[in-house]
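Chain residues, written in single-letter form:
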Amino acid sequence: MNAAIDVDHGVLDNDILGPESYDTKTMSHSPSPCGDIVMHLERSGIVNALKFQGVCIWPRLRALLLAADTTQIIREGLATPAKLRRSGLTALTRLLEERDDRHAARTALDHICAVAEQHRRQPIMFIGDRPRLTTIGGTAWNLLFDPLIQLVGPKARYVKLTTEPGIGVEAGAVSIKLDALADFLGDLDPAHSALDPVPQTGNRIEGLQAVHDALPDTLCQRFTEESLVKDMRAIERHALVLVAMLEHWRPPVVFFSGQNRANLALTWAARRLGIPTVDIQHGAAAFSPANIKWHTWTCIPDQGYDLLPDYFWVWGPAAAALISRTANPNCPYHRPLVGGHPNLMANLPDVIPPELRARCAAADKTVAVTLGLARLHGLPDPLVQAMAQAPREWLWLIRVHPQDWNDPDAMAQVEARLQAATVSNVAVRVPTQAPLEQVLPLADRHVTPYSSSAVEASAFGIPTVFVHPLAKCVFGYLLKEPGYAYAETADAIGAALAADGPKPHSMVSTAGKRAQALLKALAFGERPA
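Visitor: Tell me about the confidence of the model for the protein chain, and please be specific about residues and values.
Guide: As a general rule, the predicted coordinates of low-pLDDT regions are not to be interpreted in detail. With 74% of its residues at a pLDDT of 70 or more, the protein chain has an overall mean of 77. Considering only residues more than four positions removed or in separate chains, one finds that residues 1-31, a stretch of pLDDT under 50, has 75 contacts. Under a pLDDT of 50 for its full length, residues 182-199 has, in the predicted model, 36 contacts with residues more than four places off or in other chains.

Visitor: Give me the lowdown on the packing of helix H3 (residues 58-67) against helix H11 (residues 225-249), citing residues and values where you can.
Guide: Relative orientation of the contacting elements H3 and H11 amounts to 115 degrees, with a least axis distance of 12 Å. For the element pair H3 and H11, the recorded crossing hand is right-handed. Taking contact as the criterion, the partners of Arg60, Leu61 and Leu64 in H3 are, on H11, Leu228, Asp231, Met232 and Ile235. The residue inventory of the contact of H3 with H11, partitioned by class, reads five nonpolar, no polar and two charged.

Visitor: So what about unusual backbone geometry? Which residues, and what values?
Guide: Within the chain, His334 stands out as a residue other than glycine whose phi angle is a positive 65 degrees. In this structure His334 comes out as buried when scored by relative accessible area, which is 3%. A positive phi angle is found at Thr422, which is not glycine, with a value near 60 degrees. Structurally, Thr422 can be placed in the loop between helix H17 (410-420) and strand E14 (426-427).

Visitor: Describe the pattern of salt bridges, listing the residues and the values that go with them.
Guide: Applying the stated criterion across every chain, the model contains 13 salt bridges. Here Glu42 makes a salt bridge to Arg62, at a shortest N to O gap of 3.0 Å. Remark: Arg62 occurs in helix H3 and Glu42 occurs in helix H2 (residues 33-44); sequence separation between them is 20 residues. A single burial state applies to Glu42 and to Arg62, both of which are buried. Between Asp231 and Arg261 there is a salt bridge whose closest N-O contact spans 3.6 Å. Of this pair, Asp231 sits in helix H11 while Arg261 sits in helix H12 (residues 261-273), and the two are 30 residues apart along the sequence. Judged by its relative accessible area of 14%, Arg261 falls in the buried class. In this structure, a network of salt bridges that share partners links the residues Arg60, Asp231 and Arg261.

Visitor: Tell me what's going on with the side chain of Arg60, and back it up with residues and numbers.
Guide: Inspection of the secondary structure assignment puts Arg60 in helix H3. Looking at Arg60, its side chain comes within polar contact range of the side chain of Asp231, at 2.6 Å.

Visitor: Describe the sheet that holds E14, naming the residues involved and giving the relevant values.
Guide: Within the open sheet, the six strands sit side by side as E14-E13-E12-E15-E16-E17. Their pairing is parallel. Two strands in the sheet have a free side with no partner beyond their single neighbour: E14 and strand E17 (484-486). Here six bridges tie strand E12 (residues 365-370) to strand E13 (residues 394-399), and the two strands are oriented parallel to one another. Each residue of the ladder has a partner; that of Val369, found in E13, is Ile398. Packed on one face of the sheet, helix H14 (residues 354-362) meets E12, E13 and E14 and runs near 135 degrees to E13.

Visitor: Break down the nonpolar core for me, with residues and values.
Guide: Among the nonpolar cores identified, the biggest contains 56 residues, and Trp58, Leu65 and Leu246 are the most heavily contacted of them. It is H11 that provides the largest number of residues to this core, a total of ten residues. Once you skip the residues sitting within four places of it in the chain, Leu246 turns out to touch Met125, Pro251, Val254, Leu266, Ala269, Ala270, Leu273 and Ile275. Core analysis: the second largest hydrophobic core is formed by 28 residues, Ala386, Ile398, Ala410 and Val426 among them.

Visitor: I'd like a rundown of empty space enclosed by the protein, residues and numbers included.
Guide: Inspection of the entire model under this criterion finds six cavities of 30 Å³ or more. Of the voids in this model, the second largest cavity is the one considered here, and its volume is about 50 Å³. Of the residues in the lining of the second largest cavity, the class split is six nonpolar, three polar and one charged.

Visitor: If you had to explain H17 to someone new, which residues and values would you point to?
Guide: Turning to H17, its buried residues number three or more, namely Ala410, Met411, Val414 and Leu418. Buried residues along H17 cover an arc of 100 degrees about the axis, so they all sit on one side. The outward face of H17, more than 90 degrees from its buried face, is lined by the exposed residues Gln419 and Ala420. Structurally, H17 contributes buried residues whose contacts are with helix H16 (381-389), E13, E14 and helix H18 (429-433). Remark: Thr422 follows H17 within two positions and exhibits a positive phi of approximately 60 degrees.

Calculation notes
- Numbering of residues starts from 1 in each chain and follows the order in which that chain's sequence is written.
- pLDDT decides what is reported in this predicted model: residues at 70 or higher carry local features, side-chain atom pairs at 80 or more are listed and counted, and totals for whole chains, interfaces and linings draw on all residues regardless.
- Computation of side-chain values covers all heavy atoms of the structure but excludes hydrogens and water.
- Each residue carries a pLDDT score, the predictor's own confidence in it, on a scale running from 0 to 100.
- Contacts are assigned to residue pairs with any non-hydrogen atoms lying within 4.5 Å of each other.
- Interaxial angles span 0 to 180 degrees and are taken between N-to-C directions of axes, which are lines fitted to C-alpha atoms, for helices over the stretch in contact.
- By definition, any uninterrupted DSSP run of H or I lasting at least four residues is a helix, any uninterrupted run of E lasting at least two residues is a strand, and each is numbered from the N terminus.
- Two helices that cross are described as forming a left-handed crossing if the nearer one is turned anticlockwise from the farther one by less than a right angle, and a right-handed crossing if clockwise.
- Gly counts as polar in this scheme, as do all residues outside two lists: the nonpolar Ala, Val, Leu, Ile, Met, Phe, Trp, Tyr, Cys and Pro, and the charged Asp, Glu, Lys and Arg.
- Exposure categories follow from relative accessible area, calculated using a 1.4 Å probe and restricted to protein chains: below 20% of the type maximum is buried, above 50% is exposed, and the middle band is partly exposed.
- Any carboxyl oxygen of Asp or Glu that lies within 4 Å of a side-chain nitrogen of Lys or Arg is treated as forming a salt bridge with it.
- What qualifies as a polar contact is a pair of N or O atoms within 3.5 Å, subject to a donor-acceptor requirement within protein and to the restriction that residues adjacent in sequence count only when both atoms come from side chains.
- Two strands qualify as a pair provided DSSP detects at least 2 bridges between them.
- In these notes, a set of buried Ala, Val, Leu, Ile, Met, Phe, Trp, Tyr and Cys residues joined through side-chain atoms within 4.5 Å is what counts as a nonpolar core.
- Two kinds of site are reported from a 1 Å grid over the protein atoms alone, namely cavities, where a 1.4 Å probe fits but cannot get out, and pockets, open sets with protein on both sides within 12 Å along at least five of seven lines, and residues are called lining when an atom falls within 4 Å of a point.
- Grid points are joined across faces, edges and corners, and a volume is the space filled by probe spheres set on the points.
- Of all possible arcs, the one meant is that of the directions from the helix axis to the C-beta atoms.

Encoded structure:
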């Protein structure tokens, strides 16, 4: 089947983007220092000459440069170094900490081949390095993949792979330690032609001197040729293993989420085999106008980049428009697909207890609170004070950040802190364990430090109050829209939640039929046009 389906690029006007946006013709303004550098380099036309083994590495260096803005966030006092996750080139190029022996690597490779033989029909493939799992109605639910699998239908053939065994691996998923395989690939006798290595001649990054001439000295010292070669070697090792795996399955399409090193290798491997790749949007912040990591690529070559996915599965037209506005019309790759928010289209069992629904109905106002990471800005003091000062007839539905779910004490710590502040009309455990899409409809208002749950709340017409300075950077464009407010002090937070304001316009698509059409077309090898 060769029929094409239309890509919904959507419409995004300047009013939605607001003053934090930038003119893509002159690129005269950007949201961050390194964003300015990225756009300057792309304007100069030198970045596509950056090559390692004939592959343009600009997508990798671009992501690393944007990650360097973490330093600026620290400088502005929005986070502290001790609380920030390790990021940047050092973390991305560190040597593997766990080193398996040669026998273990060979056994794992044999396991890949054996499982592949059980799937003679080409299955859709979903690959994730950190399974986003939750338990819903007693069943493990992968927040990224399972909604799409459900939309495809019960007869769909699929394979779910996780590359980090032991982190909540779901039943039925194939678990592969890609790092171990890649690390020992050079010691194995290739059992298949696909494992023949890419030529290892040369340890140079072509075109790097021109880029260094345009970079500040501090960044030149950080992104040296030696460090970039080392990084690309690691990506190359991953890609070799993934080529072998993909050749066994020959999936019509591969889904993943995020632009980490393993996924860059995946796109590289899949491009070599002509297999389309799709990056699933996993948060609204990824497609904020203030975050150009996933969009505003202004110099895409006609042949595209080997290190970027063929498609970006986005939640709504606004995200698609950010990608499309600078797309190369002659390049068939890196296009947006408005597939919608997967979980908002999923058919999940209702796990909200009748008792909680009754409490929400009886409350004068129900406020959903989606917290940030505990090690960063989990439960801000002004928000706790606002909750303590609010009318006792208000009910607070507190949702602990998903990355803190593995901490058995996370919910207990939140409960203890609220109890110490004499906040009693509160629920923590059910709102944390239930799907967000079932919690939000219970609420009249939504409050968060800077979570992308604000965009998900818009699908239910629920206004959001942001309570952390970082929200002004990430979601400044939303603060220009009806239904969104910003407040820092306890009094301001309380007043914003008490006010009767307009409801937000939905920023996400929930058109299940369109999502199904996209998924089925990709499953049959059709390339959306």
